[in-house]
Amino acid sequence: MRMKRLNLFFTFDLLLCSIWILFVIHMWVSNLLTSICLEESTDFPEWALPIVVYILLIRVSLSFMMLRNEKYGWIAAIIGLLCGLLCHFILPRNVMADAQRDMYNYGVIAVNYTLSPRWLTTDLPPYSCWKAWNLVLPLWMWVMPLAYFVCQRNNCLQSRTDKTTIWSGLYFWNDPLRNRYLTYCSLFIIAWCVGIVMNEWLSLVIMLILPMYFYYFLNKMNKIKAYWYEYLGVVLSAGCLWYAQYVTNDARNACIVASAIFALIPIICFAVKTQKYMTAGLIFVMIGVLIPSFCMGYDVYTVKDTVRIQNYRDEMCLTGLLIVEDENGNVGLRDRYRLVVPTRYANLKSYRLPLVSVETKEGIEIFNTGCAGSAKGDYSLLKPNERNMRNEIFVNIP
């Protein structure tokens, strides 16, 4: 029982670190896009990139050291603590702070969506929640590993490698779980980067390939044979979910249900062969929901009464917003999670976010999207919105 609790603890720590790393990479890619497309400097200086890469490696290695009870893990834990101090007090603030803020806002969105799927405002939780998050995450990331090795110093008696590998941040490279971990991370990084771009045809190609490779890798890892109809189920599942963004209401629900049914074909086969029912359930979530949704770059399960028309771009926004249309031909604007301009306008044109030009019967108006994009991770691409984080959307400007 104690071993199960420890494995759960290590799994949670590695999962949290991996999610944090994904957000850091996402922030860097967003800043890179800004630097290239807007031709201006960003808050992520180039000289800081090697330091950040080392910080990411040392923190992932700490998770593996705790799992293996590494004898010299305390050395890496001290280095990790110094890295944490470097992140928060020496490097430019936005180099790492944006990733922490992204994680918080994504969590807020998940909670709001779960409790109230039709939420239409961007009211944030009490400020105390944000302060608590700013305290808890750094403590867990940088102080907890050192505390663990201090408490477990009598149990950490063996070393799997030399001290040079420990302080270099490459400890996990010699771990038996390396290939599995790197494969999972690579899949999500590729899917997330494709989702940032939000190109419909690129999304289709990648969301057909990645889930199929993921299923192939799992079968190879478990040393079982997968038949052609299992891969066909994976492909049809992704294809149905992609097509769902071009239909509305009942038709979209039908596509989503069909996608889930097709995803069940390989999942049932895997469960029958391996008898690992919980693992099969997690595979269903990965193949049927997470990887395809990451590739599309937005939540296709929301705003079901509109269809995707085209990406929205202006001088302050490169990605993350879509022009959508309802059954009556009225257009609006949605971000990755919700509607930010209601579908009651004849036309919508680029202006300068958070302001959008809309066409009504009376003529051209300027619409204030308020927080459009402020909670979806593209912070560096939507510079005016930070000061509007507590504004409600659907507010017109005279």
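Below is a summary of the structure that appears in this document. (Residues numbered from 1 in each chain as written. Predicted model: local features only at pLDDT ≥ 70, side-chain atom pairs only at ≥ 80, totals over all residues. Heavy atoms only, no water.)

### Observations regarding the overall build of the protein chain
What counts is decided by this rule: Helix and strand definitions here come from DSSP, where helices need a minimum of 4 consecutive H or I residues and strands a minimum of 2 consecutive E residues; each element is numbered from the N-terminal end. In this scheme, a residue with accessible area under 20% of its type's maximum is buried, one over 50% is exposed, and one in between is partly exposed, where area comes from a 1.4 Å probe on protein chains only. Should any heavy atoms of two residues lie within 4.5 Å, those residues are counted as being in contact. Method for areas: the Shrake-Rupley scheme with a 1.4 Å probe, in which residue coverage is limited to the protein chains shown.
Scanning the protein chain for helices and strands turns up 11 helices and eight strands. Within the protein chain, the proportion of its 398 residues that are buried is 49%. Nonlocal contacts in the protein chain, meaning residues at least 24 apart in sequence, comprise 68% of its contacts between residues at least 6 apart. Accessible area for the protein chain stands at about 19,700 Å²; split by element, carbon and sulfur atoms hold 64% of it.

### A word on the environment of Asn328
Residue position: Asn328 is located in the loop between β2 (322–325) and β3 (331–334). Judged by its relative accessible area of 68%, Asn328 falls in the exposed class. As a C-alpha pair, Asn328 and Arg344 span 16 residues in sequence and 9.2 Å in three-dimensional space.

### Focus: unusual backbone geometry
Positive phi, close to 55°, is recorded for Asn69, a residue that is not glycine. One non-glycine residue, Met198, lies in positive phi territory at about 60°. Topologically, Met198 is positioned in the loop between α7 (178–197) and α8 (200–221).

### A look at the pairing of β3
Applicable threshold: A pair of strands counts as paired when DSSP detects no fewer than two bridges linking them.
Of the two faces of β3, the one holding Val331 and Leu333 and the one holding Gly332 and Arg334 are both buried throughout. For β2 and β3, the ladder comprises four bridges, and the chain directions are antiparallel. Bridging across to β3, Glu325 finds its partner in Val331. Taking the residues between adjacent antiparallel strands as the criterion, β2 and β3 are bridged by five residues, where Gly329 takes a positive phi near 85°. Here β3 runs beside strand β4 (residues 339–345); their pairing, made up of three bridges, is antiparallel. Looking at the pairing, Val331 lines up with Tyr345 of β4.

### Details of the nonpolar core
Just so we agree on the cut-off: Only buried residues count toward a nonpolar core, which is a set of Ala, Val, Leu, Ile, Met, Phe, Trp, Tyr and Cys residues joined through side-chain atoms within 4.5 Å.
Ranked by size, the top nonpolar core spans 81 residues in total, and within it Trp20, Phe214 and Tyr215 carry the most contacts. Considering each element in turn, this core owes the most residues, 10 residues, to helix α1 (residues 2–37). When sequence neighbours within four positions are dropped, the list of residues in contact with Trp20 reads Ile55, Leu56, Arg59, Met96, Met103, Met141 and Trp142. Core analysis: the next-biggest nonpolar cluster, separate from the first, contains 14 residues, Val331, Val340, Leu348 and Phe367 among them.

### Notes on the pattern of salt bridges
The condition that has to hold: One side-chain nitrogen of Lys or Arg within 4 Å of one carboxyl oxygen of Asp or Glu is enough to make a salt bridge.
Summed over the entire model, instances satisfying the criterion amount to two salt bridges. A salt bridge links Asp13 to Arg59; its shortest N-O distance comes to 2.7 Å. With Asp13 in helix α1 and Arg59 in helix α2 (residues 49–68), this residue pair connects regions lying 46 residues apart in the sequence. Using a relative accessible area of 1% as the deciding quantity, one classes Arg59 as buried. A salt bridge links Lys273 to Glu230, with the shortest nitrogen-to-oxygen separation between them at 2.7 Å. Of this pair, Lys273 sits in helix α10 (residues 249–274) while Glu230 sits in helix α9 (residues 228–243), and the two are 43 residues apart along the sequence. Since its relative accessible area comes to 32%, Lys273 is described here as partly exposed. Owing to a relative accessible area of 0%, Glu230 belongs among the buried residues under this scheme.

### Re α10
Keep this limit in mind: Working rule for helices: expected span equals 1.5 Å times residues minus one. Two axes are fitted around each residue, one to the seven residues ending there and one to the seven starting there, and the angle between them is reported as the bend at that residue.
Here α10 is 26 residues long and its end C-alpha atoms lie 38 Å apart, about the 38 Å a rise of 1.5 Å per residue gives. Of all the bends in α10, the greatest reaches close to 25° and is centred on Ile265; the proline Pro266 follows between one and four positions later. Looking only at α10, the buried set comprises Arg252, Cys255, Ile256, Ser259, Ala263, Pro266, Ile267, Cys269, Phe270, Ala271 and Thr274. Summarising the contacts, the buried residues of α10 are in contact with α8, α9, α11 (277–296) and β1 (307–311).

### Some thoughts on a nonpolar patch on the surface
Here is the rule we go by: Patches were defined on residues exceeding 30% relative accessible area and lacking a salt bridge, with like-charge contacts within 9 Å and nonpolar side-chain contacts (Val, Leu, Ile, Met, Phe, Trp, Tyr) within 5 Å.
Judged by side-chain polarity, Trp74, Ile78, Leu82, Leu85, Phe89 and Ile90 come together as a nonpolar surface patch covering roughly 670 Å² of accessible area. Structurally, the position occupied by Ile90 is in the loop between α3 (73–89) and α4 (94–115).

### Focus on α11
End to end, α11 covers 28 Å across 20 residues, agreeing with the expected 28 Å (1.5 Å per residue, within 8%). Largest kink in α11: about 40°, centred on Met286. Regarding α11, the residues found buried are Ala280, Ile283, Met286, Ile287, Gly288, Ile291, Pro292, Ser293, Cys295 and Met296. On its buried face, α11 is in contact with α7, α8, α9 and α10. Gly297 sits one or two positions beyond α11 and adopts a positive phi of about 90°.

### Regarding the side chain of Asp299
This is how it is decided: In this count, Lys and Arg are taken as positive residues and Asp and Glu as negative ones, while His and the chain termini are left out. Pairing of N or O atoms within 3.5 Å defines a polar contact, subject to two protein rules: one partner must be a possible hydrogen donor and the other a possible acceptor, and residues neighboring in sequence count only if both atoms are side-chain atoms.
Summarising the element assignment, Asp299 is placed in the loop between α11 and β1. Within the buried set, Asp299 has no salt-bridge partner at all; the shortest N-O distance to an opposite charge, 5.9 Å, is to Arg334. At a separation of 3.0 Å, a polar atom in the side chain of Asp299 contacts the main-chain amide nitrogen of Tyr301.

### Points about the environment of Ile58
Counting through the fold element by element, Ile58 comes out in helix α2. Distance in space between the C-alpha atoms of Ile58 and Ile79 is 8.0 Å, their sequence separation being 21 residues. If near-sequence neighbours (up to four positions away) are discounted, Ile58 is found in contact with Ala76, Ile79, Gly80, Cys83, Ile166, Trp167 and Gly169.

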